[in-house]
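# A structural walkthrough
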Amino acid sequence: MTDFEETSDPEGEPTPDLPSEEEIARDLEARRYPRTIGGAFYIVVLVVAAVGIGIVWSGSWRNGVRVVAGAVIFGSALRLCLPARDAGMLAVRNRYVDCLMLAGVGGTLLFLAATIPNQPI
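Residues numbered from 1 in each chain as written. Predicted model: local features only at pLDDT ≥ 70, side-chain atom pairs only at ≥ 80, totals over all residues. Heavy atoms only, no water.

Once that is clear, we can look at the overall build of the chain. Check the secondary structure of the chain and you find four helices and two strands. Helices and strands in the chain line up, N terminus first, as β-β-α-α-α-α. Within the chain, buried positions represent 19% of all 121 residues. For the chain, the proportion of contacts with a sequence separation of at least 24, taken over those separated by at least 6, is 49%. As presented, the chain carries roughly 9100 Å² of accessible surface, and 64% of it is formed by carbon and sulfur atoms. (Helix = DSSP H or I, 4+ residues; strand = E, 2+ residues; numbered from the N terminus. Buried < 20%, exposed > 50% of the residue type's maximum accessible area, 1.4 Å probe, protein only. Contact = heavy atoms within 4.5 Å. Areas by Shrake-Rupley, 256 points an atom, 1.4 Å probe, with all protein chains shown as cover.)

What follows covers the environment of Thr 36. By secondary structure assignment, the location of Thr 36 is in the loop between helix 1 (21-30) and helix 2 (37-58). Separated by 49 residues in the primary sequence, Thr 36 and Arg 85 place their C-alpha atoms 8.0 Å from one another. With residues near it in sequence (within four places) discarded, Thr 36 still touches Arg 85, Asp 86, Ala 87 and Gly 88.

Attention shifts here to the side chain of Asp 98. Tracing the sequence through the fold places Asp 98 in helix 4 (residues 95-115). When sequence neighbours within four positions are dropped, the list of residues in contact with Asp 98 reads Arg 79, Leu 90, Ala 91, Val 92 and Arg 93.

With 22 residues, helix 2 extends 32 Å between its outermost C-alpha atoms, agreeing within 8% with the 32 Å of an ideal straight helix rising 1.5 Å per residue. Taken as a whole, helix 2 has its buried residues at Gly 38, Gly 39, Val 45, Ala 49 and Gly 52. For helix 2, the buried positions fall inside an angular range of 135° around the axis, keeping them on one side. Along helix 2, exposed side chains directed more than 90 degrees from the buried face belong to Trp 57 and Ser 58. Tucked into the core, helix 2 has its buried residues touching helix 3 (61-81). After helix 2 finishes, the residue Gly 59 shows a positive phi value of roughly 125°. (Expected span 1.5 Å × (residues − 1). Arc of directions from axis to C-beta.)

What follows is the structure in structure tokens.
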């Protein structure tokens, strides 16, 4: 059972009754918010990462990289905890692959921020 009625084209093949362009535009205008809780958390991760990049830009690069790493690790933890239907844009691949990659990038950033020595100016 589908949400659309099937009609026939001139050759007799069934074709779906597709929504009009006006219906699509109306639906897109009505929805200006994330559809899942994972979408909302994705926006939070992006905002925190942007704040970290702003901190890097202001001159405190270690603290900024740590904030970005924290955002990525937080995204990894969210991907692990949220079910696939609620993960939103946090879900790209298999759950464990996503978590491993995000945690790996976050851990690497933390490692680099902690081990790169200060350079004389």
